[in-house]
Amino acid sequence: MEKYEAHEVQVLEISRENGKWKARVSPSPLYPDGKGGQLGDRGEINGISIQKVIEEKGDVYLVLPDKIETGRAVLHIDLERRRDIAQQHTAQHILSAAFVKVADVDTVSFRMGERNSTIDLDVPYLTSETLHAALELTNRVIRSCVDVDILMVSPAEIEDYGLRRKVDSALMRTEKIRLVRVGDFDIQACGGFHVKNTGEIGMVSIVKTEKVKKTLTRVYFLAGVRLERYHRSLQETVERLMRILTCSAEELEGRIEALQKDVKNFRTRLNKLADEHARLLAAGGGFKKIHGDISLVVWEGDEYVARFLPKYLKKFVIVVKVDGGFMFASDVVSCRKLCELVKNRFPGSRGGAGETHGQMQCTANIDEFLEIVEEVVVSEGTAT
Ligand SMILES: [Zn+2]
C-alpha cells in the first residue's frame, strides 16, 4: 500500500503566526481540519511536515514549523492517516445508523480526534443492552463486507434516497450533493473520507460513554488500526498485571480485591498503633519548652505518629521533617502565618497551611525552620 501521494502545488504567500509559518497554497489537494467533524490531512511540503490545514474563505493555509519559499512546491499526502480517518469515519456512519435501527436514537454530532472519536446521541441515558445491540449490528455489517459507494445527486433528487439525516440548507443550494451509501444499510450526505468496503474497517468497539449537556450521551469509539493498537496496549497491561500478581487474567479481579482489603486492614491497624505510640510519647513528656510553657516537638520518626500527637498535647508546636520540607501543627500559633513567613524568607517554597496545621516544600534546613517557628511563637504565642 502506498504511504504517500505526491502533488504539485503553488505556494502563493507565507506569513509568520504564533511562532509558526502559515503558507497559502493552491490548488490544495488536502482535506482541512475540522470540516464535517473530521480530522484534516497531514503530510509534507518540500520536506517540511504539515501540522495543520486551515480553510478560510475558500483559501487553504498550511501551518508549518519551518519557512518555505513561495512558488512551485511538491506536497506529499500521508495516505496511512487518510486510511485511518476513512476507517473511523465510515465506522461512525454505520454506528450512527445502527443506533437508529436498534433504538431509534439519532446522532446529533460527530467529532473525530487524534486518539478517539465520539458521537453525541440524542438520549440522556443508554442501557448496556442498547449499546451492545448497536455494536453487534455495526460489526455484523462490517464483517459482511458491504460496498460503500459515493453518489453525486442534485438537491431535487434528495427526497428519493431516504437519508438518515436531513441535509442542511446550505448544501441544498449547491449543484450536486455527495452521498455516502453503505449498501442498503445507510445513506447520508457527507464530504469526508470513507472506505470502499466495510471489510476494511475490521471492527468497531465502544470504549466509553458519558452524559453530556444534560440530555445527550457521548459515545467514544475506535475502529480499524486504532482499535487494534488499543487492544494490544490493553493486552500488554493485563499481561503486566498477571506477572506482578502471579495469577491468570480470570483471577486478577479477585486478587486486586483481596489486596485492597489487606490495605484497608493494615491501615486500620497502623492507625491504632500510631495513635497508641503518640499517646505514650505525650504521656512521657520531656519536650523542649519555648517561650514559657510551650512544648516544641521536633519529631523525626514516622509521620503517621505525628498526626496523632496533637490529640494528646496542649500548648504545642510540632515540626516533622519530611522529604523536601516540613509538616507542622500547633494549638498556640497560626500555622498559616508560619507558612507565609517561611515563604517570604525562602522564596520558591511551596505548600499551604490552615490555622492548626500545614505542610510545605522548602529549602530551609531544620535549624532555619525552627528559628522561624520561635519567632512566630514569640510574636504570637503570648496571646494565648
Ligand atoms: Zn462521512
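Quick note: structure is the one above.
J.: Help me out: how do you make sense of the overall build of the protein in this one?
T.: Looking only at helices and strands, the protein has 8 helices and 20 strands in total. In terms of overall dimensions, the protein is more spread out than a globule: its C-alpha atoms have a radius of gyration of 33 Å, far above the 21 Å expected for 384 residues. C-alpha atoms of the protein, sized along the principal axes, occupy 95 × 55 × 40 Å. When the 384 residues of the protein are sorted by exposure, 42% land in the buried category. Contacts spanning at least 24 positions in sequence make up 57% of the contacts within the protein whose residues lie at least 6 apart. In the structure as shown, the protein presents an accessible area of about 21,800 Å², 50% of it carried by carbon and sulfur atoms. Between the averaged position of the 56 positive side-chain charges in the protein and that of its 58 negative side-chain charges there is a distance of 3 Å.

J.: What is the right way to look at the pattern of salt bridges in this model?
T.: Under the criterion given, the structure shown has 22 salt bridges. Of the charged contacts, one joins Glu13 and Arg24 as a salt bridge, the two residues approaching to 2.7 Å between their closest N and O atoms. Highlighted residues: Glu13 in strand β1 (residues 4–17) and Arg24 in strand β2 (residues 20–26), separated in sequence by 11 residues. With relative accessibility at 36%, the residue Glu13 sits in the partly exposed group. Notably, a salt bridge pairs Arg81 with Glu114, separated by 3.0 Å at the nearest N-O pair.

J.: Help me out: how do you make sense of the sheet that holds strand β16 (residues 294–299) in this one?
T.: To summarise the sheet geometry, strands pair through backbone hydrogen bonds and adopt either a parallel or an antiparallel arrangement. The 6 strands are arranged β15-β16-β17-β18-β20-β19 in an open sheet whose pairing can be described as mixed. Of all the strands in the sheet, just β15 (288–290) and β19 (350–353) have a single pairing partner and so form its edges. Between one strand and the next, the sheet's axes are offset by a mean angle of 20 degrees, whatever the strand orientation. Where helix α6 (residues 303–312) meets the sheet, it contacts β16, β17 (316–322) and β18 (325–330), and its direction lies at approximately 170 degrees from that of β17.

J.: Got a minute to help me understand the packing of helix α7 (residues 335–345) against helix α8 (residues 366–380) in this structure?
T.: Any two packed helices are characterised by how steeply their axes cross, that is the angle between the axes, and by the distance between the axes. One can describe the packing of α7 onto α8 by two numbers: an axis separation of 10 Å at closest approach and a directional angle of 130 degrees. On the basis of the axis angle, α7 is oblique to α8. Along this stretch, α7 crosses α8, giving a crossing that reads as right-handed. On α8, the residues that touch Lys337, Leu338, Leu341, Val342 and Arg345 of α7 are Phe369, Ile372, Val373, Glu375, Val376 and Glu380.

J.: Please explain the coordination of the zinc ion as it appears in this structure.
T.: Metal coordination angles in their ideal form are 109.5 degrees for the four-donor tetrahedron and 90 or 180 degrees for the six-donor octahedron. Looking at the zinc ion, the protein donor atoms are His89 (NE2), His93 (NE2), Cys190 (SG) and His194 (NE2), and they sit 2.0 to 2.3 Å from it. Around the zinc ion, the 4 donor atoms sit at angles spanning 95 to 125 degrees, and that spread fits a shape best called tetrahedral. Here the donor residues for the zinc ion map to a single chain with the spacing H-x3-H-x96-C-x3-H. Here the residue His93 occupies a position in helix α1 (residues 79–103), and His194 occupies one in the loop between β12 (186–189) and β13 (204–212), the gap between them amounting to 101 residues. When sorted by exposure, His93 lands in the same class as His194, which is buried.

J.: Got a minute to help me understand the pairing of strand β14 (residues 216–223) in this structure?
T.: Residues in a regular strand point their side chains to alternate faces of the sheet. Judged by how many residues are buried, β14 sits mostly within the fold: 7 of 8 residues are covered. Direction of pairing for strand β9 (residues 117–121) relative to β14: antiparallel, over a ladder of 5 bridges. Bridge assignment links Asp120 to a residue of β14, and that residue is Arg218. Looking at chain direction, β13 and β14 are connected through 8 bridges and run antiparallel. Along β14, the bridge assignment pairs Val204 with Ala223.

Cut-offs used in this document
- Residues numbered from 1 in each chain as written.
- Predicted model: local features only at pLDDT ≥ 70, side-chain atom pairs only at ≥ 80, totals over all residues.
- Heavy atoms only, no water.
- Helix = DSSP H or I, 4+ residues; strand = E, 2+ residues; numbered from the N terminus.
- Rg over C-alpha atoms; globule rule 2.2 N^0.38 Å.
- Buried < 20%, exposed > 50% of the residue type's maximum accessible area, 1.4 Å probe, protein only.
- Contact = heavy atoms within 4.5 Å.
- Areas by Shrake-Rupley, 256 points an atom, 1.4 Å probe, with all protein chains shown as cover.
- Lys, Arg positive; Asp, Glu negative; His and termini not counted.
- Charge placed at Lys NZ, Arg CZ, Asp CG, Glu CD.
- Salt bridge = Lys/Arg side-chain N within 4 Å of Asp/Glu carboxyl O.
- Pairing = 2+ DSSP bridges.
- Axes fitted to C-alpha atoms, helices over the stretch in contact; angles between N-to-C directions.
- Parallel < 35°, antiparallel > 145°, perpendicular 65-115°, else oblique.
- Left-handed = near helix turned anticlockwise from the far one by under 90°.
- Donors = N, O, S within 2.8 Å, 3.2 Å for Na, K, Ca; no water.
- Tetrahedral: all angles 85-135°; square planar, octahedral: opposite > 155°, others 65-115°.

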